[in-house]
Amino acid sequence: MKRSLTLICLLFPFLGFGQKIIVSEDMPLRNDLNYEIIGELKDQMLLFKNKTLDYEVQAFNKYLKETWSKKLEFEKKNVKVLGITSSKQDFTLFYTYRKRGKTILKANKYDAGANLKDSTTIKNYGFLFFSPNFEVVRSEDRSKVLAFFIEKQDIVRTLSFDVDSLDIMWEKDFELDDFYYHEDFHQMTVSNEGDMYMMLDRDNFRSKRKEHHFEVFSYGAGSENLNNFKIPFQEMLSYDAYFNYDNLNKRLIAGGLYSEKDLSKAVGYFYLNVDPETPSNHILSFEKFDTEFLSNLMGKKKVSKENRIKGVPEMTAQEIVLRRDGGILLVAERTRYLERRSGNSGRIYYENQGRFLVDYYYDDLMVVSIHPSGKTHWKTILHKKQYSQDDNGAYSSYFLFKTPSNLRFLFNDDIRQENTVSEYVLNGLGEYDRNSILSTQDLQLRLRFRDALQLDANELIIPSERRNKLKLVKLEY
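Remember, it's a predicted structure, so these values are computed and weren't measured experimentally. (Residues numbered from 1 in each chain as written. Predicted model: local features only at pLDDT ≥ 70, side-chain atom pairs only at ≥ 80, totals over all residues. Heavy atoms only, no water.)

J.: Even after reading the chapter, I still don't get the sheet that holds strand E22 (residues 268-274), so can you show me in this structure?
T.: Note on sheets: strands pair through backbone hydrogen bonds, and any given pair is parallel or antiparallel. With respect to topology, four strands assemble into an open sheet ordered E20-E21-E22-E23, the strand pairing being antiparallel. Looking at the sheet topology across the chains shown, the edges are occupied by strand E20 (237-246) and strand E23 (283-288). Strand-to-strand, the axes of this sheet are offset by a mean angle of 15°, without reference to chain direction. In terms of strand pairing, E20 meets strand E21 (residues 251-259) through nine bridges, oriented antiparallel. Looking across to E21, one finds that aspartate 246 is bridged to arginine 251. (Pairing = 2+ DSSP bridges. Helix = DSSP H or I, 4+ residues; strand = E, 2+ residues; numbered from the N terminus. Axes fitted to C-alpha atoms, helices over the stretch in contact; angles between N-to-C directions.)

Quick look at the structure:
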């Protein structure tokens, strides 16, 4: 009989009062296996497994005991799964395959028992001389999906898809002038109405600092033509930025980090609020880091005038949390990756088939609350230090668990076989508590918080990978 592990306050003080952890049985984890947590449908937790040529859905009850598994059948064995979106009743899987040289994009809708409810060919692209690198972007409410790829380096082929009705809302192909994907493309997002917003990062060089701007292309079901507008960056350089569409206030919002001249360091943060209907009336504000905040972020207790810190290197804008009033919480993280060769460098280098060893560092978090006017409400630093090697940072960083009253940042204290899981509980005034909530000692868990999924205001599911074994871990508050 399969076993499930339930712990309620038995690990005190490492598991706080009122919290419960449920762990599934081990599942073999092969090198060719990819998986995605679909979510909780009709009191069942569903897990999608992609074994290169085999596609399977596993179901677990509320105690994470496996109840059934089902193999999914497709037109061909070598389909490419692009992504999954789910509701409480069903889930929809997007995939592509080639048939007689033609590239076909499809969507299959399944019920909670992984039974095929409906299927549609979204688009037959005909014969293409290349294999498109499709990307799919989901709307905030998961009701719309934007699918796109770049053809011939400068032609953008897009379509917006309604998940509920399985209908194309619109499709649009357009060509960009002076476009270099790896240099100019920044982000694509889609609203709950199915409208596309494509952001380009133009002329982001020190030599062209005065010309630097974001260029935004938009298109929707009611659009006659492709719309575009430019946001001049006031002679600053964008170090990193994260865009989101505010469906409540009907605004395109961005937050991020900026530089003045040297793109190797961020000197402050910025906020952008744009009404796509009247983009000239946008709000763009900049706030420079003060000396004390910089010192705290860099871990420097005392800094002389001669050695004062001028900026922060290796900072990433991870996400923005939208406030109901149109403001944001900007979350940025100190991250860096170092390639190296050990003292026995030749042997290490050749045994890894020409690859260097890679060290991954995920350190402190910066959280800034910004009013819709662009004025800073508060800012704080959440300290952590995570180091790992050759794991692509899979066990590092954090998961943001959102509740109506606070935000919880969950993370592994150390990246090793046995460690402590901690959280920062942050309220709307920027005040926080740090708690140790779980010890993985003797539990044989290595939690991948970056791939966790929030189920509701009290529960989340986290995958654990350890020694070629996969487990699902449910944490209930």
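J.: Hey, could you run me through the nonpolar core in this one?
T.: A general trend in soluble globular proteins is that nonpolar side chains are found buried together. Core analysis: the largest hydrophobic core is formed by 22 residues, its most contacted members being Leu257, Phe289, Met315 and Met366. Contributing elements (two or more residues each) for this core: E21, E22, helix H2 (291-298), strand E24 (315-322), strand E25 (328-340) and strand E26 (357-370). Membership of the second largest hydrophobic core comes to 20 residues, among which are Phe214, Ala241, Tyr245 and Phe270. (Core = buried A, V, L, I, M, F, W, Y, C linked by side-chain atoms within 4.5 Å. Buried < 20%, exposed > 50% of the residue type's maximum accessible area, 1.4 Å probe, protein only.)

J.: I keep staring at the packing of aromatic side chains and nothing clicks. Help me out?
T.: In this structure the tally under the stated criterion is 31 aromatic pairs. Between phenylalanine 179 and tyrosine 181 the ring centres are 6.4 Å apart and the planes differ by 80°, which places this aromatic pair in the edge-to-face class. Relative accessible area serves as the criterion here: at 22%, tyrosine 181 is assigned to the partly exposed category. Aromatic pair tyrosine 361 and tyrosine 387: ring centres 5.1 Å apart, planes at 45°, arrangement tilted. Placement of tyrosine 361 in strand E26 and of tyrosine 387 in strand E28 (residues 386-389) is noted, with a sequence separation of 26 residues between them. Taking relative accessible area as the criterion, tyrosine 387 reaches 38% and is therefore assigned partly exposed. These aromatic residues form a ring-pair network of at least three members: Phe214, Phe233, Phe243, Tyr258, Phe270 and Phe286. Above the ring of tyrosine 125, the side-chain terminus of lysine 123 is found at 5.4 Å from the ring centroid. (Phe/Tyr/Trp six-rings, centres within 6.5 Å; stacked < 30°, edge-to-face > 60°. Lys NZ or Arg CZ within 6 Å of the ring centre and 35° of its normal.)

J.: Looking at this model, I keep getting lost on H2. Mind explaining?
T.: Residues spaced three or four apart along an α-helix point in a common direction, a consequence of the helix completing one turn every 3.6 residues. When H2 is considered as a whole, its buried residues turn out to be Phe293, Leu294, Ser295 and Leu297. In the core, the buried residues of H2 are packed alongside E24, E25, E26 and strand E27 (376-382). Of the residues that open H2, the one with a side-chain oxygen 3.2 Å from the backbone nitrogen of glutamate 292 is aspartate 290. Two residues or fewer after H2 comes glycine 299, characterised by a positive phi angle close to 75°. (Contact = heavy atoms within 4.5 Å. Polar contact = N/O pair within 3.5 Å; in protein donor to acceptor, adjacent residues only side chain to side chain.)

J.: Would you take a moment to explain the sheet that holds strand E4 (residues 34-41) for this structure?
T.: Sheet architecture is open: four strands sit in the order E4-E5-E6-E7, paired in antiparallel fashion. Each edge of the sheet is formed by a strand with only one pairing partner; in this case those strands are E4 and strand E7 (66-71). Direction aside, the axes of adjacent strands within the sheet are offset by 20° on average. In the sheet, strand E6 (residues 55-60) pairs with E7 via five bridges, with the strands oriented antiparallel. Considered in E7, the bridge of valine 57 is made with lysine 70.

J.: Help me understand the side chain of lysine 474, please; the structure alone is not making it clear to me.
T.: Within the secondary structure layout, lysine 474 lies in strand E35 (residues 469-476). In terms of polar contacts, lysine 474 uses its side chain to reach the backbone carbonyl oxygen of lysine 62, at 3.4 Å. If sequence neighbours within four positions are ignored, lysine 474 has contacts with Lys20, Ile21, Ile22, Glu40, Lys62, Leu64, Leu455, Glu459, Leu460 and Ile461.

J.: How do you make sense of the pairing of strand E13 (residues 144-151) when you look at a structure like this?
T.: Every other side chain in a regular strand lies on the same face of the sheet, so the side chains alternate between the two faces. Among the eight residues that make up E13, eight are buried, leaving the element largely enclosed by the rest of the structure. Residues Lys144, Leu146, Phe148 and Ile150 line one face of E13 and the alternating positions Val145, Ala147, Phe149 and Glu151 line the opposite face, and both faces are buried. Linkage of strand E12 (residues 135-138) to E13, two consecutive antiparallel strands, is achieved through a turn of five residues, within which arginine 142 is found at a positive phi near 65°. Pairing analysis gives eight bridges linking E13 to strand E14 (residues 155-162), with the strands arranged antiparallel. Within the sheet, the bridge partner assigned to lysine 144 lies in E14 and is aspartate 162. Between E13 and the antiparallel strand that follows it, E14, lie three residues; lysine 152 among them carries a positive phi value of about 55°.

J.: Mind showing me how you'd approach the pairing of strand E5 (residues 44-50) here?
T.: Of all seven residues in E5, seven are buried; the element is thus mostly enclosed. Side-chain alternation along E5 places Gln44, Leu46, Phe48 and Asn50 on one buried face and Met45, Leu47 and Lys49 on a second face that is also buried. In terms of strand pairing, E4 meets E5 through seven bridges, oriented antiparallel. Each residue of the ladder has a partner; that of tyrosine 35, found in E5, is lysine 49.

J.: Even after reading the chapter, I still don't get the pattern of salt bridges, so can you show me in this structure?
T.: Two side chains carrying opposite charge are able to pair once their charged atoms lie near each other. As enumerated under the stated definition, the model contains 26 salt bridges in all. With a shortest N-O distance of 3.9 Å, glutamate 56 and lysine 51 are connected by a salt bridge. Under the relative-accessibility criterion, lysine 51 is labelled partly exposed at 26%. Notably, a salt bridge pairs lysine 71 with aspartate 54, separated by 3.4 Å at the nearest N-O pair. (Salt bridge = Lys/Arg side-chain N within 4 Å of Asp/Glu carboxyl O.)

J.: How should I be thinking about unusual backbone geometry in this particular structure?
T.: Here the phi dihedral of aspartate 390 falls at roughly 55°; this positive angle occurs in a residue that is not glycine. At aspartate 442, a residue that is not glycine, the phi angle is positive and equals roughly 70°. By the element assignment, aspartate 442 lies in the loop between strand E32 (432-439) and strand E33 (453-454). Taking relative accessible area as the criterion, aspartate 442 reaches 68% and is therefore assigned exposed.

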